Amino acid sequence: MKGKAKVPSLTHNQVRDALDYNPATGKFVWRISPARNVKFGTVAGRNSGKYRYIRLNGEEVTEPRLAWFYMTGAWPERRVRFKNGDP
């Protein structure tokens with residue numbers, strides 16, 4: 001079905017323990033060191049096309065979906081779109 005997105009198995013506690021989120025900037029910062037080449041305190045994720053992706057516990061999620069989950073504790077039922085079209 002168009003608009004549907006796979007629901008990751010990450011828990012709210014896993015995300016909150018691993019990442020800090022700044023709603024004013026929309027950026028995630030690592031609270032842990034998830035890999036040898038990634039240090040805590042650095043901005044999380046990688047750019048790919050329009051969106052930024054963050055990988056945690058083997059699952060890759062777009063930054064907007066992760067922000068929704070981080071703030072509400074529930075995964076969005078549909079893809080997260082931007083009101084003004086600017087990611």
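Throughout, a residue's number is its position along its own chain's written sequence, starting from 1. Local features in this predicted model are restricted to residues whose pLDDT is 70 or higher, and side-chain atom pairs enter the listing and the counts only when it is 80 or higher, whereas totals over whole chains, interfaces and linings include all residues. Values reported for side chains reflect all heavy atoms of the structure, with hydrogen atoms and water molecules removed beforehand.

So, on to the packing of aromatic side chains. Stacked, tilted and edge-to-face pairs are distinguished by plane angle, under 30 degrees for stacked and over 60 for edge-to-face with tilted covering the rest, among Phe, Tyr and Trp rings (Trp via its six-membered ring) whose centres lie within 6.5 Å. Considering all chains together, one arrives at four aromatic pairs under this definition. One aromatic cluster is present, built from ring pairs that chain together Tyr21, Phe28 and Tyr70. Charge-over-ring contacts are defined here by two conditions on Lys NZ or Arg CZ: a distance within 6 Å of the ring centre and an angle within 35 degrees of the ring normal. The ring of Tyr70 is capped by Arg16, whose NZ or CZ atom sits 4.1 Å from the centre of that ring.

Spatial ordering of the open sheet is given by E3-E4-E5, a layout of three strands whose pairing is antiparallel. Taken across any chain shown, the strands that pair with only one partner, and hence form the sheet edges, are strand E3 (46-48) and strand E5 (59-62). Put simply, the sheet's adjacent strands are angled 40° from each other on average, direction ignored. Here strand E4 (residues 51-56) runs beside E5; their pairing, made up of four bridges, is antiparallel. Considered in E5, the bridge of Leu56 is made with Glu59. Where helix H2 (residues 63-72) meets the sheet, its contacts fall on E4 and E5, and the angle it forms with E5 comes to roughly 90°. In this analysis, strands are considered paired if DSSP registers two or more bridges between them. Numbering goes from the N terminus for both helices and strands, where a helix is a DSSP run of H or I of at least four residues and a strand is a run of E of at least two. The convention used is that axes are lines fitted to C-alpha atoms, helices contributing only their stretch in contact, and that angles between N-to-C directions extend from 0 to 180 degrees. Contacts were defined at the residue level, with two residues in contact if any of their heavy atoms lie within 4.5 Å.

What follows concerns H2. Here H2 lies mainly inside the structure; seven of its ten residues are buried. For H2, the full list of buried residues reads Glu63, Pro64, Arg65, Leu66, Ala67, Phe69 and Tyr70. Where H2 is buried, its residues contact helix H1 (12-18), strand E1 (19-22), strand E2 (27-30), E4 and E5. Gly73 lies just past H2 and shows a positive phi near 85°. The rule is simple: take the accessible area with a 1.4 Å probe, protein chains only, and divide by the maximum for that residue type; under 20% is buried, over 50% is exposed, in between is partly exposed.

One recurring pattern in soluble globular proteins is that nonpolar side chains are buried together. Nonpolar cores are built from buried Ala, Val, Leu, Ile, Met, Phe, Trp, Tyr and Cys residues. Side-chain atoms within 4.5 Å join them into one set. If you look at the biggest cluster of nonpolar residues, it comprises 16 residues, and the most contacted ones within it are Val15, Leu19, Phe28, Trp30, Ile54 and Leu66. Sorting the residues of this core by element identifies H1, E1, E2, E4 and H2 as the ones contributing at least two each. Among the elements that make up this core, the one with the highest residue count is H2 (four residues). Those residues within four positions of Leu19 in sequence are excluded, and the remaining contacts are Phe28, Val29, Trp30, Arg31, Ala44, Ile54, Leu66 and Tyr70.

Moving on, we get to the pattern of salt bridges. Any carboxyl oxygen of Asp or Glu within 4 Å of a side-chain nitrogen of Lys or Arg constitutes a salt bridge here. Within the structure shown, the criterion is met by three salt bridges. A salt bridge links Arg31 to Asp20, with the shortest nitrogen-to-oxygen separation between them at 3.5 Å. Residue Arg31 is located in the loop between E2 and E3, and its partner Asp20 is located in strand E1; the two are separated by eleven residues in the primary sequence. Overall, Asp20 belongs to the partly exposed group, its relative accessible area being 37%.

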